[in-house]
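Observations on the three-dimensional arrangement
In case you want the letters, here they are:
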Amino acid sequence: MEDTIKVAGGTGLTADDIKSGKIFLTEDSLDCAYAWDTGVAVNRYLAELKQGKIIATRCKKCKRTMLPPRLFCELCFIPCSNWQYVQDTGIVNTFSICHVHWDATRIGKDEKPHLPAVIEIDGASEGMGIMHLLGEVDPEEIKIGMQVKAVWKPEAERTGSIIDIKYFKPL
Amino acid sequence: MMRKVAIVGAGMTSFVRRALETPKELSYQATKVTLDSCGLTLDDVDCIAHGTAPDAFDGLHQNGEYMVDGCGGWNKPTMRVYVGGGTGIHAVVHGWHHVASGLFDTCLVVCEEKMSSALPHAQAFFLTIFDSITERPLEPNLLWIFALEMNRYMERYGYTKEDMALVAVKNKQNGLKHPASQFSEKVTVEDVVNSEMMAYPVSRLDVSPVSDGAAAVLLASERVARRLTDKPVWIEGVGWSLDTAYWATRDLYYPRYTDTAARMAYDMAGIREPDKEIHVAEPYDPFDYKALHHLEGLQLSPRGKTVELLRDGHFDIDGNLPMCPSGGLLGVGNPIAAAGTMKVCELFWQLRGEAGQRQVPGNPRRGVAQSWGDLMQVSSVVVVGN
Ligand SMILES: [Zn+2]
């Protein structure tokens, strides 16, 4: 059957085309800096993390206990006025064992793989996960459904950040 | 009252790892070949709907404005849409509005992506997709979310890495027959499973490549379409949806955003039983598992039964519901925004019987294309028919 697809252009380059000087390049790099205000709800979340506690907001209409805490419930679209402490334990909803840095470079031979996970926090509504890291665990041993507990930085080192929790380790 | 809208022309550049051409030049090449495909010139185009994904890839703020000359947008009503990987089909939906509303008789939809300029790797620029306060301090990378989703999806239904690899093998095999494909080599399940482990369960060949390229379609009102061609391909339904940005609070095993978007498009198209009424499907496949995940969201396969159907050949070119006959992102390439539009081009060619060696047998009369993006939360869906 005749292929009548219309294709034009998109000329592939090889590394040699560039190395040999056949193709010119111009280069630049950007150094962007930001300082983000943490907002009404998350500011309290961070303040509580600094104290070694996890706090959620509760919607009085749908009764969800939500993490991270919110100024408003995105489903009911009403303010979340109730604060509620939740546990610093949870269940691994899913995880990965990552051998790649953020810029796609590979981790070094003596560097450990990164262990991101979605953790459903005990005391929050079902399915209410946060992204965090796992630690003190053999990657081969990680299972979905595993119970984990937060490992906090020493109080003096906490800054009011999600990384005041170093990682979650198996219970 | 909405007017009928047809696709009357389609075209694209080759997808390549690194293109000589600039974004503007790639846009021009796809635009020009599309106009030529239906015998029109820029004077016949009333307006432009264009798309390109993150500005950060190009290091050009407001990249849409930079592209405008290549899209034929000079001095015309021109509007860019951007929903990450969803852009390529969302731009078609956007163009559909322009013509369906009655405001314009023709609309050129052009999507372009040049990922190779970003150093050391385009993936780095997705870092800024994560919540700046509650997630970024964890130093996440884009692969994490796909790996987390793939793992959850596989666990839920007991699918294996070998099962997922079958999609990469099949799509890449289809792509070998696509004249714009970036690839020339066949891969096997063993190749995929044994390729470098990047972020368990994601191995390197589970992932589509980094690409440069552009693709375009020309949309026309019924009056103009009937004059231009005796084989118009009608846009019968469009749908789109954005799920919550609190992505860790959705259960990742099911793409709710795709479900919502698909139902919207099927309702508009009057489709009640999509698995019977759709003859060819182009679900978004930046990762092999994603094609299956999206087929379930598109209501084209029962949840948890998709691997069984895949193994039975149900989604082969000569199966009951051919999936990604183009080769998809895994088999043709993945210049983000352009990849979605490429899928609409494919349906146009398939429904006109012009897909050459990739032609789905039995004169397919109805197809669906879907793209996905943002923080794993958007789907855009287009249903076409003749
Ligand atoms: Zn609520």
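See the structure shown above.
In this report, the structure presented in the accompanying data block is examined.

The rules we used
As a convention, each chain's residues are numbered from 1 in the sequence order in which they are written. The naming scheme follows written order: chains are lettered A onward, ligands numbered 1 onward. Since the coordinates come from a predicted model, pLDDT governs what is reported: local features require at least 70, and pairs of side-chain atoms require 80 or more to be given and counted, while whole-chain, interface and lining totals use all residues. In computing side-chain properties, one takes all heavy atoms of the structure into account and sets aside hydrogens as well as water. Here the coordinating atoms are restricted to nitrogen, oxygen and sulfur within 2.8 Å of the metal centre, or 3.2 Å for Na, K and Ca, and because water is not among them the sites may look incomplete. All geometry calls rest on donor angles, where a four-donor set with angles between 85 and 135 degrees is tetrahedral, four- and six-donor sets with opposite donors more than 155 degrees apart and all others between 65 and 115 are square planar and octahedral, and all else is irregular. For helices the rule is a DSSP run of H or I covering at least 4 residues; for strands it is a run of E covering at least 2, with both sets numbered from the N terminus onward. Buried means the residue's accessible area, taken with a 1.4 Å probe over protein chains only, is under 20% of the maximum for its type, while exposed means over 50%, and partly exposed covers the values in between. Contacts are residue-level and defined by heavy atoms, with any inter-residue pair within 4.5 Å sufficient. For any pair of parts, buried area is found by adding up, for both, the accessible area (1.4 Å probe) each one loses once the two are put together. The working definition used for a salt bridge is a side-chain nitrogen of Lys or Arg within 4 Å of a carboxyl oxygen of Asp or Glu. N or O atoms closer than or at 3.5 Å make up a polar contact, with two conditions inside protein: a donor-capable atom paired with an acceptor-capable one, and, for residues adjacent in sequence, both atoms drawn from side chains. Any two strands with at least two DSSP-identified bridges between them are counted as paired.

Regarding the coordination of the zinc ion
Residue and element names in this part refer to chain A.
- Surrounding the zinc ion are the protein donor atoms Cys59 (SG), Cys62 (SG), Cys73 (SG) and Cys76 (SG), at 2.3 Å.
- Geometry at the zinc ion is tetrahedral, judged from the four donor atoms that bind it and their angles of 105 to 113° at the metal.
- When the donors of the zinc ion are listed by position in the chain, the intervening gaps give C-x2-C-x10-C-x2-C. Taken together, the positions of Cys59 in the loop between strand S1 (54–58) and strand S2 (65–66) and Cys73 in the loop between S2 and strand S3 (82–86) put the pair 14 residues apart, joining distant regions of the chain. Across the pair, exposure class does not vary: Cys59 and Cys73 are buried alike.

Description of the interface of chain A and chain B
- Listed per partner, the contact involves 54 residues of chain A and 61 residues of chain B.
- For the chain A and chain B pair, buried surface summed over both sides reaches about 4,800 Å², with 67% attributable to carbon and sulfur atoms.
- Summed over the shared surface of chain A and chain B, the number is one salt bridge.
- A salt bridge links A:Arg106 to B:Glu196; the nearest nitrogen and oxygen atoms lie 2.6 Å apart.
- Counting across the interface, chain A meets chain B through 18 residue pairs in polar contact (both at pLDDT 80 or more).
- Among the secondary structure elements, those contributing two or more residues to the side of chain A that touches chain B are helix H2 (40–50), strand S4 (89–95), strand S5 (97–98), strand S6 (116–121) and strand S7 (129–133) of chain A.
- By residue number, the principal contributor to the side of chain A that touches chain B is S7(A), which donates five residues.
- Bridge analysis of S5(A) against strand S5 (residues 197–200) of chain B gives two bridges, and the strand direction is antiparallel.

Considerations on the side chain of B:Ser380
All names here are of chain B.
- One can find Ser380 in strand S11 (residues 378–385).
- Overall, the relative accessible area of 0% leaves Ser380 in the buried class.
- A distance of 2.6 Å separates a polar atom in the side chain of Ser380 from a polar atom in the side chain of His90.
- Those residues in contact with Ser380, other than ones at most four positions away along the chain, are Gly86, Ile89, His90, Gly239, Trp240, Ala369, Gln370 and Ser371.

A few points about the pattern of salt bridges
- Taken as a whole and assessed by the stated rule, the structure comprises 29 salt bridges over all chains.
- The shortest N-O distance in the salt bridge between B:Lys32 and B:Asp36 comes to 3.8 Å. One end of the pair is B:Lys32 and the other is B:Asp36, both in helix H1 (residues 23–37) and four residues apart, which spans about a single turn.
- Its relative accessible area of 39% is what places B:Lys32 among the partly exposed residues.
- Residue B:Asp36 is classed as partly exposed on the basis of its relative accessible area, which comes to 47%.
- Put simply, B:Arg223 and B:Asp105 hold a salt bridge, and the shortest N to O gap is 2.5 Å. Remark: B:Asp105 occurs in the loop between helix H4 (87–100) and strand S4 (106–114) and B:Arg223 occurs in helix H8 (residues 222–228); sequence separation between them is 118 residues.
- Judged by its relative accessible area of 54%, B:Arg223 falls in the exposed class.
- On the basis of relative accessible area, B:Asp105 is assigned to the buried category, the value being 17%.
- Taken together, the shared-partner salt bridges in this structure form one network comprising A:Arg64, A:Arg70 and A:Glu74.

Interpretation in functional terms is not warranted from these geometric data alone.
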